[in-house]
Amino acid sequence: MQATRLTLICHAVTPQQKKGSFPDNESVAMDWQHAGLSLAGRYKKSLRLVCGPEARTRQTAGLFGRNPQVDNALRDGDLGRWKGKDIDDIDREELMDWQGNSASTSHGGESVDQVCTRVGQWMKSLETQPGHIVAVTHPFVIRAAMFYALGFPISMFYLIDVEPLSATELRFNDVWRLRLETHA
C-alpha cells in the first residue's frame, strides 16, 4: 500500500499576529506576487490541496495551487471572546488557566483537548488515503497533528513554535513519522 504523505503548512503572517493579538478571520499581510512566484513549484502537481475555512488559510493555500478544498477539521481553535483581542487585554488568571489546563474553556471557546481530538479524528481518516496531501492550516492545528502522530504529552503543546509559511512533513505507513526535509 502506498504511504500517506501529509505536508502541513502554516498560513502566512497576519496583521493580528504582528500586533501580538489573538487571531480572528483576518487576511494575511504579505507581498502576494513575490510569495506566489517563490512557492508556486514547491510541490508536485499530483497532490490534494486542503485548507481551513478562514481567509488567511484560503489565501495562503492559493500560493500552492488552485481550488483548495476547504476542510472544517482544519479550522483554527475557537478562541471565544478572545478573538481579535490583544494578549495584554486578557485576564491573566484566565490566560494562565488556559495555558496550564488543556481542558480549559475559560475564553468561552474550544479547549486544547477539543482541538487535539478534532485533529486526531481527521488524521485517523487520512491513514487510509494514500498520496500527498498539502494542508494549509493554523499553528494550533499543526501542533495537534504532531501530538496525534508522535504521541507527545499534552504538557508540551505550548512548547512548539509554528512559524508562518513553515512546513511540517508527516508520513503514514502503518505508523506516523515526522520527516525533516531540506529544500535546497
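Quick look at the structure, then. Numbering of residues begins from 1 in every chain and follows the order in which that chain's sequence is written. Two thresholds apply to this predicted model, a pLDDT of at least 70 for residue-level local features and 80 or more for giving and counting side-chain atom pairs, whereas whole-chain, interface and lining totals are computed over all residues. Side-chain figures throughout are based on the complete set of non-hydrogen atoms in the structure, without hydrogens or water.

## What to know about unusual backbone geometry
Counted only if it meets this: Secondary structure elements follow DSSP: runs of H or I no shorter than four residues count as helices, runs of E no shorter than two count as strands, and numbering proceeds from the N terminus. Here the term buried applies to any residue with accessible area under 20% of the maximum for its type, exposed to any over 50%, and partly exposed to those in between, with areas from a 1.4 Å probe on protein chains only.
Residue L165 is not a glycine yet carries a positive backbone phi of 65 degrees. Within the secondary structure, L165 sits in the loop between α6 (139-150) and β5 (167-172). For L165, a relative accessible area of 26% translates into the label partly exposed. Not every positive phi belongs to a glycine, and D174 is a case in point at roughly 75 degrees. Classification of D174 as exposed rests on a relative accessible area of 72%.

## Looking at the side chain of R143
Threshold: In this charge count, Lys and Arg are treated as positive and Asp and Glu as negative; neither His nor the chain ends contribute. Criterion for a salt bridge: a side-chain nitrogen of Lys or Arg within 4 Å of a carboxyl oxygen of Asp or Glu. The contact criterion used is simple: two residues touch if any of their non-hydrogen atoms lie within 4.5 Å.
Inspection of the secondary structure assignment puts R143 in helix α6. D161 provides the closest opposite charge to the buried, salt-bridge-free R143, at an N-O distance of 4.8 Å. When residues no more than four places from it in sequence are discounted, the contact partners of R143 are F157, Y158, I160 and V162.

## Digging into the environment of I160
Here I160 shows up in the loop between α6 and β5. For I160, a relative accessible area of 13% corresponds to the buried category. Considering only alpha carbons, one finds I160 and R143, 17 residues apart in sequence, at a separation of 6.9 Å. Non-local contacts of I160, meaning those with residues more than four positions away in its chain, are made with R143, M146, F147 and F152.

## Quick look at the nonpolar core
Here is the rule: Working definition of a nonpolar core: buried Ala, Val, Leu, Ile, Met, Phe, Trp, Tyr and Cys residues. They are joined through side-chain atoms within 4.5 Å.
With 35 residues, the main nonpolar core has L6, L8, W122, M123, L170 and W176 as its most contacted residues. Contributions of two or more residues to this core are made by β1 (4-10), α4 (92-100), α5 (112-126), β4 (131-137), α6 and β5. Looking at which element gives the most residues to this core, the answer is α6, with eight residues. Sequence-distant contacts of L170, defined by excluding residues within four places in its chain, comprise T4, R5, L6, L8, M123, A145, A149, W176, R177 and L178. One finds L63, F64, V134 and V136 within the second-largest nonpolar core, a separate group that totals eight residues.

## Things to note about the pairing of β1
Selection rule: When DSSP locates at least two bridges between a pair of strands, those strands are taken to pair.
The element β1 is extensively covered by neighbouring structure, given that six of its seven residues are classed as buried. Sheet topology places β1 next to β5; six bridges connect them, and they run antiparallel. Among the inter-strand pairings, L8 is bridged to a residue of β5, identified as T168.

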